[in-house]
Amino acid sequence: MSLWTWVTIFILSCQYSALPPDNLSDSLLKRISGVYRRMCHAAMRAGRPPDSAALVAVTKYFPIDVVSAAVDLGLRVLGESYVAEAAAKREQIQQDNPLSTISWHMIGHLQRNKVKKAVSVFDCIHSIDSAALAGDVDSYAGRAGKTLDVLIQVKLSDEDTKTGVAQVGVFELAGRIINNHKNLNLIGLMAMPPFFEDPERCRPYFRRLREIRDTLGSRGIPLRELSMGMSNDFEIAIEEGATMVRVGSEIFGER
Ligand SMILES: *Cc1c(COP(=O)(O)O)cnc(C)c1O
């Protein structure tokens, strides 16, 4: 392993050394450091700096004490799929940890009738999947005096269950957001490949999302972030260029 890995692991273990020795924290600590270690290795295999992908810890369906323990351990970016659930957790976590700044990311499909609430709860939305939704989020963000980071969710397969913008529509939606929606800060693209037992089969999907991002760049829309990879496949996603991985069960266990 390179020096960078050891430095990263050392820094992580310092942050965690002042923990209360209860079981929940202990087991979370093991799982989180395991995920970080695998993230570092995957990045280095791809010739990238070990910390070049960020961990979005997906806390959906997990109770507040688990989320709270994760925050105590130093996690600062949390992913949720449901607006009401995230709102309740955010309020509680803010009360319990008034000094920590947590970034709340919406990773699930956002229904248009939940946009107003979502804008007040989330700092980043990964799942912008239509021009109408982008317009709604922009106007509520404007009214709230807030700028939101957003990603366009791209539909990479024909599965009915997956939401997202078809590949051919991504350039137009990106341009529309950049030109017309001044309360949105378009930072990247997000995708969810179909589920495969063998995560290696996700690789072509991840690669395609990166290619779409690179094509946008060559057409004058440079985007930094690729949100791709979950518990089952985050290492492959990082090898293919992910800058944000959304990991739930690998940290918190089965839901
Ligand atoms: C639930 C969820 C995740 C996390 O899934 P795990 O398999 O638990 O890591 C990531 N992204 C999205 C969009 C999700 O809904």
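It should be noted that the structure appears before, not after, this text.
Residues numbered from 1 in each chain as written. Predicted model: local features only at pLDDT ≥ 70, side-chain atom pairs only at ≥ 80, totals over all residues. Heavy atoms only, no water.

1. Observations concerning the pattern of salt bridges
Worth spelling out the cut-off: For this document, the term salt bridge refers to a Lys or Arg side-chain nitrogen within 4 Å of an Asp or Glu carboxyl oxygen. Comment: elements are numbered from the N terminus, with helices defined as DSSP H or I runs of at least four residues and strands as E runs of at least two. We call a residue buried when its accessible area falls under 20% of the maximum for its residue type, exposed when it is over 50%, and partly exposed in between, using a 1.4 Å probe and counting protein chains only.
All chains considered together, the criterion is met by 14 salt bridges. R38 serves as the salt-bridge partner of E250, at 3.1 Å between the closest nitrogen and oxygen. Of the two residues, E250 sits in helix α10 (residues 249-252) while R38 sits in helix α2 (residues 23-45), which places them 212 residues apart along the sequence. A salt bridge links D136 to R112; the nearest nitrogen and oxygen atoms lie 2.7 Å apart. Here D136, found in helix α6 (residues 131-143), pairs with R112, found in the loop between β3 (103-106) and α5 (115-121); they are 24 residues apart in sequence, far enough to count as distant. Here R112 falls in the partly exposed class, since its relative accessible area comes to 47%. Here the residues in one salt-bridge network are R45, E200, R203, R207, R210, E239 and E240, joined through shared partners.

2. A short note on the packing of aromatic side chains
Selection criterion: A pair of aromatic rings is counted whenever rings of Phe, Tyr or Trp (Trp by its six-membered ring) have centres within 6.5 Å, and the orientation is called stacked for planes under 30 degrees apart, edge-to-face for over 60 and tilted otherwise. The rule for a charge over a ring is simple: NZ of Lys or CZ of Arg within 6 Å of the ring centre, and within 35 degrees of the ring normal.
By the definition in use, this model includes three aromatic pairs. Judged by centre distance (5.4 Å) and plane angle (40°), the ring pair of F62 and F252 falls under tilted. Note that F62 is positioned in the loop between β1 (54-58) and α3 (64-72) and F252 in helix α10, a separation of 190 residues in sequence. Accessibility assignment for this pair places F62 and F252 in one class, buried. Measuring from ring centre to ring centre gives 6.0 Å for F196 and Y205, while their planes differ by 35°; the resulting arrangement is tilted. With respect to class, F196 is no different from Y205; both count as buried. The side chain of R219 reaches across the aromatic face of F171, ending 3.6 Å from its centre.

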